[in-house]
Amino acid sequence: MATRDRENASGNSLSAVLFDMDGTLVDTERLWWEAVERVAGRTLAEADQQEVLGRPVEHTAAWLAAATGGSAPELADVLHREFAERVRNGIVPRPGAIGLLDALAREGVPTALVTASPRAVADTVLEALGRRRFAVTVTADDTDRTKPAPDPYLAACHALGVDPRACVAVEDTATGVSSAEAAGCTVLAVPSLAPIEPAPGRTVLASLEGVSPRRLRDLLAGALPPPGLRVMSWNLWHGGTKVHDHRAKQLKVIAETGVDVVGLQETYGTAAQELADALGWYHHRAGENLGIISRHPITARFGDPGVGFYGAAGVRIRVGQRQVDIWTAHLDYTPYGPYESAFDGLDAAELIAHERVRLAQMRDTLRRIQEASGPAVPVVLVGDFNSPSHLDRPDVEWPVTKAAEEAGLRDSYREAHPDPAAHPGHTWSPIHPVHEDGSGRPEPQDRIDFVLHRGLRVLDSETYVSGRSRPWPDVEDNDWPSDHAAVITTFSLHG
C-alpha cells in the first residue's frame, strides 16, 4: 500500500504553501538586525549577514560569544528579550503577505509557518497575524536541526501529509532557501536584506504584492524537473535496532542525501512503512526483510509479497511522464566467499562452486525482473548480494554479478568508477575492521552492495556512510545505523 492516495503528488498540483516568518511574512529581519546590533554594541556590516540573517538565536549568540568572550547562553537570553520587545511594539506585515494568505485560504490551499525562530517568538507573531491562518507551525524548538538543514520543511510537509515536491516555499534568506530546496520544495524568494540569485526551481521577486495562488501554481508547473533519479541501496542491519535512535538516524540519512528511492534489506518488517510515513512517501513491503520507499508514486508491485528472508521484490514508479522499475534483493550470506578466500585459501574454482545458492537466487530475481518488465521501461536492481563482483576481482569470475551482467544489467558504481584499485567502493564493513570472532584477523573489505541498471544513464555513483562509526561491538551510539555502507547512484532520465 502507498502511504497516502495522493493524486498528482509529484505533478503540478499545489498541495501546500510553506512560509518563512521573519522577513517574509512580517518585517522582523530589520528588528532582529537592530536587536543584534544592540547586544553586539556596534553597527553590523554586510560581512555579518551570514551569521545573523536566517540563523537561530543560538547560532548568533555563539558567534557573538566568540567575538566578545561573553557567555553564549546569556547572550541568547538577551537577544530573545531585545527581539521580543521589538516584535511586540513594531511588527509590520510584509507587502502582499496578508493578501496572499487570504487568497490561499479562500481556495482551500493549506499553509504552514516554518521558522528558525523559537516557539516563544513565533507565538508572538502568530498573535498578530492570526493563528487560524496556518494549519501547521514548525519552529526551531520542533526539530533537531533547523535551517539550512531540510528538517523544518520536511517536518511541515509530514504534518500536512503532502509531498515537498508539490509545495512552494516562500523565503527571504539564502539560509532558508537552502533548507527548502534541500527538502525538495519549489522556492519563491522575496529577499529582505541580502540578495538571492535565481536558480532552477527558484523564482526571485521583489515582494509578495500581486502574487496569487495561480502564480504559485505556475511556479510549480514551471519548475525544472530534477536532473536525475537518485537511487539508494541500503541494508538496515536488523532494521537498525543495534543503534540507539535508529529510525531518526535513518530519516536523517535519507534527508541529507536527497535520494528519491531506497531499496531496503533487513527491514525487520516495519521499517519501509515507518520511514515512508515519516517522510510522506510511498512504500512497498515484501515479507519480513525487503522493502522499497519512494518519493514518487508507486504504480505497480512485483514479486512474492510474502517472500522469505532472502529473495527479491520490485515496484514500478512514475517519475513525471516516465516509468522506472525498481527491485531490491537480498541474497544468502553463507558460505561467504571473501572468508573462504582470505581465511581458508580456497582457489577460484572452489569459490565459484560455493556460489550456487546465491547464483540460483540471482537467476530467480532476473527471471522475475524479465517477466515484469514492460516495453522501454528502465530497470534498477539494488541489493545486498553478499558476493564480490567479477569487475573487482578479475582472478575470480564471481558468478552472481556475472549473471546479472549477462542479463543486460550494468554496474552503476563501476560505470562511474572503472578502476577498482583507485575506487574500491567497499560496502562491507564500516564497523568491522577486524573479524568479530576475536581472533584479530583483518576483516575482508569488499563491495557486496550494488545498484545495477538497464536503460538509464549514470550521472554519478558513490558509497555513503555518515558521521563517525565506532567498531563492533561498541556501536550503540554510532551516527551511522548500519553495518553496511549504502550505495547511491544518480541516473539521468533524459537519455
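Heads up: the structure comes first, above all this text.
Residues numbered from 1 in each chain as written. Predicted model: local features only at pLDDT ≥ 70, side-chain atom pairs only at ≥ 80, totals over all residues. Heavy atoms only, no water.

Enquirer: Which parts of the structure should I look at to understand the pattern of salt bridges?
Expert: Under the definition given, this model contains 29 salt bridges. When the shortest N-O distance is used, the salt bridge between Asp142 and Arg119 registers 2.7 Å. Highlighted residues: Asp142 in the loop between β3 (136-138) and α7 (151-160) and Arg119 in helix α6 (residues 119-129), separated in sequence by 23 residues. According to the relative accessible area criterion, Asp142 is partly exposed, its value standing at 40%. Arg119 gets classed as partly exposed once you look at its relative accessible area, which sits at 26%. The shortest N-O distance in the salt bridge between Asp392 and Arg414 comes to 2.7 Å. Linking Asp392 in the loop between β14 (379-384) and α15 (399-406) with Arg414 in helix α16 (residues 412-416), this pair joins segments that are 22 residues apart in sequence. Residue Asp392 shares its accessibility class with Arg414, and that shared class is buried. A single salt-bridge network, built from bridges that share partners, covers Asp364, Arg367, Arg368 and Glu371. (Salt bridge = Lys/Arg side-chain N within 4 Å of Asp/Glu carboxyl O. Helix = DSSP H or I, 4+ residues; strand = E, 2+ residues; numbered from the N terminus. Buried < 20%, exposed > 50% of the residue type's maximum accessible area, 1.4 Å probe, protein only.)

Enquirer: Sorry if this is basic, but what is going on with a negative patch on the surface here?
Expert: Together, Asp144, Asp245, Asp474, Glu476 and Asp477 line one region of the surface with negative charge. Tracing the backbone shows Asp245 in the loop between β7 (229-235) and α10 (246-257). Of the residues examined, Asp245 reaches a relative accessible area of 60% and is grouped as exposed. (Patch = residues over 30% accessible without salt bridge, like charges linked within 9 Å, V, L, I, M, F, W, Y side chains within 5 Å. Areas by Shrake-Rupley, 256 points an atom, 1.4 Å probe, with all protein chains shown as cover. Lys, Arg positive; Asp, Glu negative; His and termini not counted. Charge placed at Lys NZ, Arg CZ, Asp CG, Glu CD.)

Enquirer: For this particular structure, what's the right way to read the sheet that holds strand β17 (residues 457-464)?
Expert: Reading across the sheet, the six strands line up as β9-β10-β8-β7-β18-β17 and stay open at both edges, with mixed pairing between neighbours. A strand with exactly one partner marks an edge of an open sheet, and here the two such strands are β9 (282-286) and β17. Here the strands of the sheet are splayed against their neighbours by 15 degrees on average, with no regard to which way each runs. The pairing of β9 with strand β10 (residues 290-294) spans five bridges and is antiparallel. Each residue of the ladder has a partner; that of Tyr282, found in β10, is Ser294. Together, β7, β8 (261-265), β10, β17 and β18 (486-492) form the strand contacts of α10, whose direction differs from that of β7 by roughly 155 degrees. (Pairing = 2+ DSSP bridges. Axes fitted to C-alpha atoms, helices over the stretch in contact; angles between N-to-C directions. Contact = heavy atoms within 4.5 Å.)

Enquirer: Is there a simple way to explain the pairing of β18 in this structure?
Expert: In summary, the side chains of a regular strand alternate between the two faces of the sheet. Of all seven residues that make up β18, seven are buried, and the element is covered over most of its length. Of the two faces of β18, the one lined by Ala486, Ile488, Thr490 and Ser492 and the one lined by Val487, Thr489 and Phe491 are each fully buried. Bridging between β7 and β18 involves five bridges; their strand directions are antiparallel. Bridged to Met232 within β18 is Ile488. Pairing of β17 with β18 involves seven bridges; the strand directions are antiparallel. In the sheet register, Thr463 faces β18, and the bridge partner there is Val487.

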